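An overview of the molecular structure
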Amino acid sequence: MGFSELLEEIGGFGRYQWIHVSVISLPGLLTASQNVLNNFVSGVPTHHCSLPANHSLYNLSHMELMKAFIPLDSTGTRLDRCRRFVEPQWQLLDAISSANISQIQTEGCLDGWTFNRSEFLSTTVSEWELVCSLRPLKQMIQTIYMGGVLTGAIIFGSLSDRFGRRSILTWSYLQLAALGCVSALAPSYTVYCIFRFLYSLTCLLTCLSVEVEWIPTKARTIVGTLSSFSYTFGQLILAGIAYLLRDWRKLQVAVCAPHFLFFALTWSVWCSESARWMVLNGRSDEALQSLHRVARVNGKPEMVNKITREVLDSHMKKEIEMSRSSFTAYDLMRTRGMRRISICLLAVWFATSFAYYGLVMDLQQFGVNIYLMQLIFGAVDIPAKLMALAMLSFLGRRVSQATCLFVAALVIFTNIFIPRDMQTIRTTLACLGKAFTSASFTTVYLYTGELYPTVIRQTGMGFVSTMARIGSMAAPAVLILDEVLPALPGLVYGGAAVVAGCFACFLPETLKAPLPDTVEEVERNWSGKKPAPEGSSPLGGGGASKCGGVVLTEDVPLKELKDVDGAGLHAL
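Everything numeric here is computed off the predicted structure, so don't read it as measured data.

Reading guide: rules and limits
Residues numbered from 1 in each chain as written. Predicted model: local features only at pLDDT ≥ 70, side-chain atom pairs only at ≥ 80, totals over all residues. Heavy atoms only, no water. Axes fitted to C-alpha atoms, helices over the stretch in contact; angles between N-to-C directions. Helix = DSSP H or I, 4+ residues; strand = E, 2+ residues; numbered from the N terminus. Parallel < 35°, antiparallel > 145°, perpendicular 65-115°, else oblique. Contact = heavy atoms within 4.5 Å. Nonpolar A, V, L, I, M, F, W, Y, C, P; charged D, E, K, R; others polar. Salt bridge = Lys/Arg side-chain N within 4 Å of Asp/Glu carboxyl O. Phe/Tyr/Trp six-rings, centres within 6.5 Å; stacked < 30°, edge-to-face > 60°. Buried < 20%, exposed > 50% of the residue type's maximum accessible area, 1.4 Å probe, protein only. Lys, Arg positive; Asp, Glu negative; His and termini not counted. Disulfide = S-S within 2.5 Å.

Relative to each other, helix α19 (residues 336-360) and helix α26 (residues 519-526) sit at 85°, their axes nearing to 8 Å. Classified by the angle their axes make, α19 and α26 are roughly perpendicular. Counted together, Arg336, Gly337, Met338, Arg340 and Ile341 of α19 and Val519, Val522, Glu523 and Trp526 of α26 form the full contact between these two elements. Broken down by class, the residue content of the contact of α19 with α26 amounts to 5 nonpolar, 1 polar and 3 charged.

Below, the discussion takes up the pattern of salt bridges. Overall, the coordinates contain 10 salt bridges when judged by the stated rule. Between Arg249 and Glu127 there is a salt bridge whose closest N-O contact spans 2.4 Å. Taken as a pair, Arg249 in helix α12 (residues 248-256) and Glu127 in helix α6 (residues 124-128) lie far apart in primary sequence, 122 residues in all. Several salt bridges share partner residues, and in doing so they unite Arg84, Glu107 and Asp111 into one network.

All right, on to the packing of aromatic side chains then. Across all of its chains, the model carries 15 aromatic pairs by this definition. Relative to Tyr192, the ring of Trp128 has its centre 6.2 Å away and its plane inclined at 45°; by these criteria the two rings are tilted. Of this pair, Trp128 sits in helix α6 while Tyr192 sits in helix α9 (residues 189-200); the two residues are 64 residues apart in sequence, bridging distant segments of the chain. Like Tyr192, Trp128 is buried. Seen in terms of ring centroids, Trp349 and Phe441 are 6.4 Å apart; in terms of plane orientation they differ by 70°. Their pairing is edge-to-face. Note that Trp349 is positioned in helix α19 and Phe441 in helix α23 (residues 423-451), a separation of 92 residues in sequence. Its relative accessible area of 0% is what places Phe441 among the buried residues.

To continue, consider the side chain of Asp362. For Asp362, the position within the fold is in the loop between α19 and α20 (370-379). Of the side chains bearing the opposite charge, Lys138 lies closest to the buried Asp362, which forms no salt bridge; the N-O distance is 4.8 Å. Setting aside chain neighbours within four positions, we find Asp362 in contact with Asn39 and Leu479.

In total, this model carries 2 disulfides according to the counting rule given. Residue pairing for Cys49: its cysteine sulfur links by disulfide to Cys109, the two sulfurs lying 1.8 Å apart. Handedness here is read from the sign of the S-S torsion; for Cys49 and Cys109, about -60°, the answer is left-handed. Here Cys109 lies in the loop between β3 (106-107) and β4 (113-115) and Cys49 lies in strand β1 (residues 47-49), a separation of 60 residues in the sequence. Exposure class is identical for Cys49 and Cys109. Each is buried. Disulfide pairing places Cys82 opposite Cys132 at an S-S distance of 2.0 Å. Across the S-S bond of Cys82 and Cys132 the torsion is about -100°, and the bridge reads as left-handed. Remark: Cys132 occurs in the loop between α6 and α7 (136-163) and Cys82 occurs in the loop between α5 (62-69) and β2 (84-85); sequence separation between them is 50 residues.

All quantities given are derived from atomic positions and should not be read as evidence of function.
In structure tokens form, the structure reads like this:
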């Protein structure tokens with residue numbers, strides 16, 4: 001018997017678990033918005049060069065001044081955003097003028113830019129004029145943020161194993177709230193980037209470990225699903241908040257300040273430290289007290305006297321023994337079967353995140369109201385995740401993974417050839433692409449957990465999901481390539497998805513297959529060769545002790561997992 005069976009004895013998924021999951025999931029509504037916040041904080045308003053200081057001397061309308069001072073861009077449909085005429089071209093005001101505009105001398109925006117405030121009152125772009133030659137700096141904000149998320153996952157992931165899930169989660173909420181609000185006061189671009197990096201370090205996905213380690217095995221399916229939807233609803237909420245608060249500083253405070261409340265909630269009696277973690281770190285007496293309290297809240301007071309230190313130790317005997325096993329990332333590449341799985345998963349995780357953030361981090365490219373686009377992109381996640389679960393059950397893991405990536409690539413490629421004035425078609429295709437990349441995230445999380453053996457599953461999940469962070473860092477930078485060729489970003493995103501889809505085809509199928517516990521089982525089942533005995537680590541039965549959450553769906557059996565590096569549904 002294991003810890004999950006002990007949870008069943010004290011009420012299973014009872015009143016305590018409902019309150020616990022609610023307290024832990026609530027912050028996800030705003031935490032999720034941080035990943036796409038840059039779409040609004042650094043939105044690009046319509047702009048053009050400011051007119052010379054003496055333009056008020058001319059008794060002309062605004063439209064006439066624009067026509068005389070600002071040339072049209074290469075499309076001929078809107079004012080150029082980065083150039084103006086050196087001298088006013090009064091002849092252009094003549095309706096029958098035949099002047100050759102291409103030969104008229106122009107210059108950069110020497111007097112700065114004028115920004116349209118109908119869509120955004122203020123953004124980092126308009127305040128620090130991150131346009132034209134400084135345009136890449138806007139995407140750099142997102143890359144820096146994602147770099148902080150990756151760094152924080154490594155740092156805080158290790159700290160949570162050492163100091164406990166609850167302590168690190170509590171500190172994370174405080175750090176995000178404080179530094180997030182302070183970043184709204186940033187006087188310059190550099191200072192804002194520094195604070196954005198510092199508060200992105202908070203490994204808020206530690207909440208998943210705190211959450212699932214108090215949930216019995218059979219209830220973790222619905223808990224994992226409902227928790228993942230907090231990200232979806234968080235995107236919908238962000239669209240509403242951003243629409244109401246169109247000043248970037250106010251928006252920054254609005255999505256960060258509530259974490260002071262979440263910080264206070266984590267100190268409440270409804271957010272307990274993981275009993276499993278306490279036992280594995282020599283704090284069994286404290287774990288026993290927590291279990292007794294849960295039993296009373298769940299209406300099982302008679303279990304208080306039945307659950308003793310000896311009973312707890314007997315249930316945790318296997319986990320304690322497994323904690324003594326030591327595996328490193330080297331073991332993921334040491335043998336033929338593990339090497340094949342790891343290389344393929346690295347490609348799939350990278351491309352999934354790369355294409356996903358390539359779509360969601362440039363909502364303005366579709367020519368639709370950005371607030372409406374955010375709402376649509378958030379809502380499409382709901383059917384996408386349901387579709388993924390259906391595909392996993394009926395088509396299998398490998399077919400589902402490859403299909404999601406290939407279809408996403410096809411949609412991205414198709415959108416390249418759709419004219420920008422066909423907004424409805426472009427938006428529809430973008431939503432389809434987002435849906436399939438979201439489904440790919442759901443699929444690869446479940447698939448990864450089934451491919452890696454129990455003894456190294458935690459290390460494997462952290463190793464391959466790191467590529468998702470790297471993909472999310474690279475995606476904003478690729479958007480800058482549209483200055484070289486407008487179709488280039490789409491080609492890169494779609495190309496990555498195609499390559500990853502091909503890699504997915506080489507992964508073994510795991511539908512209804514028993515989960516491997518050791519590396520030997522992986523080699524025997526999926527490579528046809530046994531691992532070399534030289535330098536082998538002891539691979540006796542049992543798994544990594546710090547595996548936490550269990551994700552189960554109908555016909556989708558998974559053993560205990562721990563989302564160390566923000567992998568899976570919450571990695572979005």
